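Architecture at a glance
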Amino acid sequence: MRRAVCPGSFDPITYGHLDIIGRASKLYDVVHVAVLVNRNKQGMFSIDERIALIEETTAQYGNVVVESHLGLLVDYCRERDIPAIIKGLRAVSDFDYELQMAQMNHGLTGVETLFVPTSPTWSFLSSTLVKEVASYGGDVSHLLPETAHRRLVERIAERRAQQ
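Residues numbered from 1 in each chain as written. Predicted model: local features only at pLDDT ≥ 70, side-chain atom pairs only at ≥ 80, totals over all residues. Heavy atoms only, no water.

In the nomenclature of an unreviewed UniProt entry, the protein corresponds to Phosphopantetheine adenylyltransferase from the organism Kitasatospora putterlickiae.

This is the structure in structure tokens:
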């Protein structure tokens, strides 16, 4: 069985993420989406909320498994016998960082990293940018799935009410 992992924070999942996950799902029998835990960052959504959003928005593919992981991505791959990491690249600036990570990961365990160029439609898109624009009232509904957009708007309203 051909298996690969698409790692990230997915806070929240966007159409750029879905572009890469969807394309990977056509190439691999099973695509693991690893929601990586970073204890140094406070996300907009909890890990469980992110997993639920990803599961809902990737259900159409039929071969996507969503899990969280705390630790090295290569350990996640080794524990699940996953030989390939799929990374979307938006721009040359992404490549500089991702190449270093790919070389480190390969050196640690031999796992391969495959770079997939993001569709030009989503090449500017990041979860950080979506959250920032939405927090100032900008319309980001065309950049993420409806469920994720609704939850984002609700979460921003919740946080404003607490201030």
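Still to come is the rest of the account.
1. Quick notes on the side chain of Asp11
The cut-off we apply is this: Counting from the N terminus, the helices are the DSSP runs of H or I reaching at least four residues and the strands are the DSSP runs of E reaching at least two. Each residue gets one of three labels from its accessible area relative to the maximum for its type: buried under 20%, exposed over 50%, partly exposed in between, using a 1.4 Å probe on protein chains only. In protein, a polar contact requires one atom able to donate a hydrogen and another able to accept it; more generally it is a pair of N or O atoms within 3.5 Å, and residues adjacent in sequence count only if both atoms are side-chain atoms. The criterion used for residue contact is that any of the two residues' heavy atoms lie within 4.5 Å.
Among the secondary structure elements, Asp11 is positioned in the loop between β1 (3–8) and α1 (15–27). A relative accessible area of 4% means that Asp11 is categorised as buried. Among the polar contacts made by the side chain of Asp11, one reaches the main-chain amide nitrogen of Met44 at a distance of 2.7 Å. When near neighbours in sequence (up to four residues on either side) are disregarded, Asp11 contacts Gly43, Met44, Phe45, Arg50, Ser127 and Lys131.

2. Describing the state of the cysteines
Applicable threshold: Cysteine sulfur atoms that come within 2.5 Å of each other are treated as a disulfide pair.
With the rule as written, the count across this model stands at zero disulfides. Free cysteine: Cys6, not disulfide-bonded; nearest cysteine sulfur from Cys77 at 11 Å. A relative accessible area of 4% means that Cys6 is categorised as buried.

3. Concerning the UniProt feature "site: Transition state stabilizer" (unreviewed entry) in the protein
Using the following cut-off: UniProt positions are given in the numbering used here, feature names are shortened, and annotations may be inferred rather than shown by experiment.
As recorded in UniProt, the feature "site: Transition state stabilizer" (unreviewed entry) lies at His17. You can see His17 is positioned in helix α1. Sequence-distant contacts of His17, that is, excluding residues within four places in its chain, are made with Phe10, Pro12 and Ser127. A polar side-chain atom of His17 sits 2.9 Å from the main-chain amide nitrogen of Thr14.

4. Points about the packing of helix α2 (residues 47–58) against helix α6 (residues 146–162)
Test applied: Only the contacting stretch of a helix is used when fitting its axis, a line to C-alpha atoms as for every element, and angles between N-to-C directions run 0 to 180 degrees. The scheme is simple: roughly parallel for angles under 35 degrees, roughly antiparallel for over 145, roughly perpendicular for 65 to 115, oblique for anything else. When residues are grouped by polarity, Ala, Val, Leu, Ile, Met, Phe, Trp, Tyr, Cys and Pro land in nonpolar, Asp, Glu, Lys and Arg in charged, and all others, Gly among them, in polar.
Where α2 contacts α6, the axes come no closer than 10 Å and their chain directions differ by 155°. One element, α2, and the other, α6, form an angle in the roughly antiparallel class. Contacts between α2 and α6 pair Glu49, Leu53 and Glu56 from the former with Thr147, Ala148, Arg151 and Arg155 from the latter. Looking at the contact of α2 with α6 residue by residue, the class counts come to two nonpolar, one polar and four charged.

5. Some details on the pattern of salt bridges
Rule in force here: Here, a salt bridge means any side-chain nitrogen of Lys or Arg that lies within 4 Å of a carboxyl oxygen of Asp or Glu.
One pass over the full model with this rule turns up 15 salt bridges. Salt-bridge contacts for Arg2 lead to Asp29; the nearest nitrogen and oxygen are separated by 3.4 Å. Note that Arg2 is positioned in the segment before β1 and Asp29 in the loop between α1 and β2 (30–36), a separation of 27 residues in sequence. Of the charged contacts, one joins Glu146 and Arg150 as a salt bridge, the two residues approaching to 3.6 Å between their closest N and O atoms.

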